[in-house]
Amino acid sequence: VYHYWTLNQDRNNLISSLITTRLAWIDATDIAQEGVYKDSDGNNLSFLNFASGEPNGNAGENCLAIPSVSLSRGGGMSDLGCARIEEYVCAKQGK
């Protein structure tokens, strides 16, 4: 049985430290309902760590990304337009 990994502050920091470009997509969007972020399985995100001034995209920016630590945003999430080409983060079931 696969259990969805839960994003928390430690995992947010880890993802931010591993990103080799500007930012990486995480499995979260508010495309169905503005301001309600869900993963691809339809689960509400219980942890949201937005950067200052985020989310700021209203209906035009529906996907969540975590920036690299080099952007000096403290790993805070940003909402962005989903069509941007960026790295992504996914979870894999362990043995």
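Position numbers for residues count from 1 along each chain, tracking the sequence in the order it is written. In view of the model being predicted, local features appear only for residues whose pLDDT reaches at least 70, and side-chain atom pairs are presented and counted only at 80 or more, with totals across whole chains, interfaces and linings using the full set of residues. Derived side-chain values reflect all non-hydrogen atoms in the structure, with water molecules and hydrogen atoms excluded from consideration.

**Thoughts on the side chain of D30**
Right, on to step 1. Considering the arrangement of structural elements, one finds D30 in the loop between β1 (23-29) and β2 (63-67).
Right, on to step 2. Three exposure classes are used, based on accessible area relative to the maximum for each residue type with a 1.4 Å probe and protein chains only: buried under 20%, partly exposed in between, and exposed over 50%. Charge assignment: positive for Lys and Arg, negative for Asp and Glu; neither His nor the chain ends contribute. A side-chain nitrogen of Lys or Arg and a carboxyl oxygen of Asp or Glu constitute a salt bridge if their distance falls within 4 Å. Buried charge without a partner: D30 forms no salt bridge, and the closest opposite charge is K38, 12 Å away.
Right, on to step 3. A 3.5 Å cut-off defines polar contacts: any pair of N or O atoms within that distance qualifies, except that in protein one atom must be a possible hydrogen donor and the other a possible acceptor, and neighbouring residues in sequence count only when both atoms are side-chain atoms. Of the polar contacts made by the side chain of D30, one reaches the backbone nitrogen of G35; its length is 2.9 Å. Secondary structure counts use DSSP, requiring at least four H or I residues in a row for a helix and at least two E residues in a row for a strand, with both numbered from the N terminus.

**Observations regarding the pattern of salt bridges**
Right, on to step 1. If you walk through the whole model with that rule in mind, you get one salt bridge.
Right, on to step 2. The shortest N-O distance in the salt bridge between R84 and E86 comes to 2.8 Å.
Right, on to step 3. Looking at E86, the relative accessible area reads 21%, which means it is partly exposed.

**A few points about the confidence of the model for the protein chain**
Right, on to step 1. One number per residue, pLDDT, summarises how confident the predictor is, and it ranges from 0 to 100. Looking at the protein chain as a whole, its pLDDT mean stands at 81, while 83% of the residues score no less than 70.
Right, on to step 2. Taken element by element, the protein chain is modelled with least confidence in helix α1 (residues 9-18), mean pLDDT 80, and with most confidence in strand β3 (residues 78-80), mean pLDDT 91.

**Notes on the nonpolar core**
Right, on to step 1. Throughout, nonpolar core names a set of buried Ala, Val, Leu, Ile, Met, Phe, Trp, Tyr and Cys residues whose side chains join them through atoms within 4.5 Å. Grouped together as the largest cluster of nonpolar side chains are twelve residues: L7, I15, I19, A24, I26, A28, Y37, L45, F47, L64, I66 and M77.
Right, on to step 2. If you list the elements that add at least two residues to this core, you get β1 and β2.
Right, on to step 3. The greatest single-element share of this core, amounting to three residues, is contributed by β1.
Right, on to step 4. L23, W25, A65 and L80 belong to the second largest nonpolar core, which has five residues in total.

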